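Chains, contacts and geometry: an overview
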Amino acid sequence: MASSATTPNTNSWAPFSAYSIDLGFSTPLKSLPLMKKKKKLNQKVKSAALHTPSVLHFPKKPLKPTMIPQEDSKKPIKTNPQWNLLQRAAAIAFDMAEGALISRERQQPLPKTSDPRVQIAGNFAPVPEHPVQHVLPVNGSIPECINGVYLRNGANPLFEPVAGHHFFDGDGMVHAVTIDNGKASYACRFTETQRFLQEKELGKPVFPKAIGELHGHNGVGRLLLFVARGLFGLINNKQGTGVANAGLVYFNNRLLAMSEDDLPYQVRITPSGDLETVGRYNFDEQLNSTMIAHPKIDPVSQELYALSYDVVQKPYLKYFRFFPDGKKSPDVEIPLTVPTMMHDFAITENFVVIPDQQVVFKLQEMISGGSPVIYDKNKKSRFGILDKNASDSNNIIWIESPDTFCFHLWNAWEEPESDEVVVIGSCMTPPDSIFNECDESLESVLSEIRLNLKTGKSTRRPILSETDQVNLEAGMVNRNRLGRKTQFAYLAIAEPWPKVSGFGKVDLSTGDVKKYIYGNGKYGGEPFFLPNDAADCENEDDGFIIAFVHDEKTWESELQIVNAVNLELEASIKLPSRVPYGFHGTFVDSKELVNQA
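Residues numbered from 1 in each chain as written. Predicted model: local features only at pLDDT ≥ 70, side-chain atom pairs only at ≥ 80, totals over all residues. Heavy atoms only, no water.

1. With respect to the overall build of the chain
The secondary structure content of the chain amounts to five helices and 33 strands. Relative to its full complement of 597 residues, the chain shows a buried share of 62%. Considering only contacts in the chain between residues 6 or more positions apart, those separated by 24 or more positions represent 62%. Carbon and sulfur atoms make up 50% of the accessible area of the chain, which totals about 24100 Å². (Helix = DSSP H or I, 4+ residues; strand = E, 2+ residues; numbered from the N terminus. Buried < 20%, exposed > 50% of the residue type's maximum accessible area, 1.4 Å probe, protein only. Contact = heavy atoms within 4.5 Å. Areas by Shrake-Rupley, 256 points an atom, 1.4 Å probe, with all protein chains shown as cover.)

2. Brief notes about the pattern of salt bridges
Applying the stated criterion to the full structure yields 27 salt bridges. For E448, the salt bridge goes to R450, with nearest N and O atoms at 3.1 Å. The salt bridge partner of D541 is K505, with a shortest N-O separation of 2.8 Å. With D541 in the loop between β29 (528-531) and β30 (543-551) and K505 in strand β26 (residues 502-507), this pair connects stretches of sequence that are 36 residues apart. For the residue pair D541 and K505, the accessibility class agrees, reading buried in each case. A single network of salt bridges, built from pairs that share partners, joins E415, E420, E448, R450, R461 and K485. (Salt bridge = Lys/Arg side-chain N within 4 Å of Asp/Glu carboxyl O.)

3. Points about the UniProt feature "binding site: Fe cation" (unreviewed entry) in the chain
Within this numbering scheme, the UniProt entry marks H294, H343, H408 and H584 as carrying the feature "binding site: Fe cation" (unreviewed entry). Taking the farthest pair of C-alpha atoms as the criterion, the annotated set spanning 291 residues converges on one region, since that pair is 12.5 Å apart. Mapped onto the elements of the fold, H343 is located in the loop between β13 (332-334) and β14 (346-347). Overall, H343 belongs to the buried group, its relative accessible area being 7%. A polar atom in the side chain of H343 sits 3.0 Å from the side chain of H294. With respect to the helices and strands, H408 occurs in strand β20 (residues 406-415). The class for H408 is buried, based on a relative accessible area of 0%. Reaching out from H408, the side chain makes a polar contact with the side chain of H294 at a distance of 3.4 Å. (UniProt positions renumbered as here; feature names shortened; annotations may be inferred. Polar contact = N/O pair within 3.5 Å; in protein donor to acceptor, adjacent residues only side chain to side chain.)

4. With respect to helix α4 (residues 216-231)
Between the first and last C-alpha of α4 there are 23 Å, a value that for 16 residues agrees with the 22 Å anticipated at 1.5 Å per step. Every buried residue of α4 is listed here: G216, N218, G219, G221, R222, L225, F226, A228, R229 and G230. Elements in contact with the buried residues of α4: α1 (85-105). Taken from the residues just after α4, G233 is the one with a positive phi, measuring 75°. (Expected span 1.5 Å × (residues − 1).)

5. Regarding the sheet that holds strand β11 (residues 304-309)
Ordered in space as β10-β11-β12-β13, the four strands form an open sheet in which the pairing is antiparallel. The open sheet has two edge strands with one neighbour each: β10 (296-297) and β13. (Pairing = 2+ DSSP bridges.)

6. Examining the side chain of K328
As for its position among the elements, K328 is in the loop between β12 (317-322) and β13. Look at K328 and you get buried, because its relative accessible area is 12%. Engagement of the side chain of K328 in a polar contact is seen with the side chain of D331, the distance being 2.6 Å.

7. So, the environment of I561
If you trace the backbone, I561 turns up in strand β31 (residues 556-563). With 16 residues separating them in the primary sequence, I561 and I545 have C-alpha atoms 5.7 Å apart. Sequence-distant contacts of I561, defined by excluding residues within four places in its chain, comprise I142, P143, I146, I179, F544, I545, E568, L569, E570 and A571.

8. Here's the deal with α1
Taking 1.5 Å of rise per residue, the 21 residues of α1 would be expected to cover 30 Å, and the 30 Å separating its terminal C-alpha atoms lies within 8% of that figure. Every buried residue of α1 is listed here: Q87, A90, A91, F94, D95, E98, G99, L101, I102 and E105. Among the residues of α1, the N-terminal cap falls to N84, whose side-chain oxygen and the backbone nitrogen of L86 are separated by 3.1 Å.

9. Notes on unusual backbone geometry
A cis amide bond links E495 with the next residue in sequence, P496, at an omega value of -5°. For P496, the location among the structural elements is in the loop between β25 (488-493) and β26. Omega for the bond connecting W497 with P498 falls within 30 degrees of zero, at 5°, which places this linkage in the cis form. Note that P498 resides in the loop between β25 and β26. A positive phi is found at Q302, a non-glycine position, where the angle reads about 65°. Position of Q302 among the secondary structure elements: in the loop between β10 and β11. Residue Q302 is classed as partly exposed on the basis of its relative accessible area, which comes to 39%. Residues other than glycine seldom take positive phi values, yet W555 does so here, at roughly 65°. For W555, the location among the structural elements is in the loop between β30 and β31. W555 gets classed as partly exposed once you look at its relative accessible area, which sits at 22%.

10. Quick word on the environment of T486
With respect to the helices, strands and loops of the structure, T486 is situated in the loop between β24 (472-476) and β25. Among all residues touching T486, those that are not within four sequence positions of it are N411, W413, V477, R481, L508 and E540. A distance of 3.1 Å separates the side chain of T486 from the side chain of N411, its partner in a polar contact.

11. Brief notes about the side chain of R229
Within the fold, R229 resides in helix α4. Overall, R229 belongs to the buried group, its relative accessible area being 4%. Not counting the four nearest positions on each side in its chain, R229 is found in contact with F94, D95, E98, K204, V206, L234 and I235.

Okay, structure coming up:
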């Protein structure tokens with residue numbers, strides 16, 4: 001689920017001073033303000049929203065020296081034996097400067113949006129890798145049509161945060177459940193990004209955390225340290241800085257893990273059901289820019305559509321597509337005056353729908369002590385409608401949609417009789433509350449946005465009635481119907497925010513919502529809809545909902561398989577390891593795996 005792991009109650013964010021959390025660190029962050037001494041592992045959280053102990057499983061590395069000098073530590077600073085004398089001296093100087101930076105940062109309380117005691121508490125906390133384990137206990141009967149691998153991505157920091165940390169900042173980890181003729185196995189592995197491999201080798205985090213650390217003057221200092229380490233050859237910052245923790249897509253016989261700050265990473269599913277990272281994937285040297293975490297595959301043409309955005313230099317946004325054989329189209333530069341935070345977009349049969357909204361990047365805000373991700377109330381939200389086959393952006397149609405911010409767009413389609421493009425998305429307010437601390441309660445309203453291509457006007461309405469209104473975030477429609485008019489959407493009920501208590505099957509035309517609640521202290525994540533028959537486009541809800549579910553009382557996790565027609569539980573697979581709340585997933589059919597690259 002792409003949301004901030006803050007710790008509000010059901011009505012508003014609970015004051016942080018009202019509770020204390022045991023993170024289970026091997027070394028407590030005792031210099032952070034308000035941090036209590038480490039208590040027993042089963043200490044209960046006093047927050048109204050998180051009623052479970054916080055357990056962080058950071059691997060104990062065999063490295064004895066301290067990475068960052070602490071006021072109470074006289075341990076030596078680690079250096080790489082392959083570094084020359086100048087590099088070793090520079091490494092010591094940079095580590096001392098970083099230690100001073102951290103010491104200064106810890107003198108002030110961290111906001112909830114960058115406090116690791118809030119962001120990775122409870123079942124948002126990371127877990128270690130788990131090698132494949134077969135013959136898992138199954139309650140019920142797994143439907144015969146389900147054969148393949150369900151995979152879900154998530155943020156899972158390898159190292160204990162030394163300062164600020166946002167849930168989105170964690171290293172990517174993929175959890176995989178393989179189902180083979182009613183039998184199930186499980187594995188989870190880090191996606192070994194360039195960032196991950198270098199930090200693992202150094203034994204500490206050295207790449208700046210885009211949301212949790214890049215704030216104010218300290219953020220500027222971290223960027224300068226990062227650049228300096230690169231100049232001295234202490235790190236390689238030329239091979240990407242991304243964490244690949246958000247999206248997953250299976251395209252052209254490759255499973256790709258993505259975050260919008262880098263190229264995708266190819267992850268291979270082994271014959272045993274385990275996972276291994278192949279490496280950073282540039283589509284045979286065709287892609288030389290980042291790619292957002294939510295590319296779209298057209299169910300008819302099998303083409304993959306994607307965007308790439310840049311926060312530093314123009315063009316701030318580019319559109320491109322890949323043909324089924326992996327060949328890339330030329331980039332189409334989309335004219336934007338400022339770099340916009342663009343996590344998702346939509347496609348129809350003939351168009352690409354591009355949201356240009358009011359959450360933007362302004363790096364200069366750090367100089368004045370702020371966050372580089374801000375809500376610009378003077379900017380007008382709009383959607384760009386571009387032909388899928390466009391070779392340039394000359395004919396793009398921009399239609400304003402006032403005060404609209406959708407972190408995710410679930411689907412879109414064309415209605416030629418009214419010259420409209422219909423967009424289905426969850427409109428969030430306040431727009432930047434998952435990035436910046438805010439006193440208002442976050443609301444995510446499932447909405448229908450109509451964009452009239454003839455008049456250039458837009459309308460927006462909530463799909464659910466006022467009495468049925470709940471936060472709906474993370475989910476999907478039947479992917480056989482992506483870009484076409486759909487009746488149903490399957491979306492996570494994100495309450496109490498940011499946890500997911502169940503999911504809703506929403507009739508997009510009537511607003512009727514049927515709820516499936518996990519209940520009894522259980523919470524989940526994104527519901528994934530798997531069609532019963534991949535070729536069936538008529539019976540839209542004929543299929544199954546798959547979701548990881550965690551029991552916060554027993555501290556155990558399972559994979560639930562729910563009949564999408566009647567919302568009855570078909571089977572649950574008991575997992576050998578806790579599965580943290582995460583982001584987005586996909587399913588790779590066993591027939592597709594035969595041709596895996």
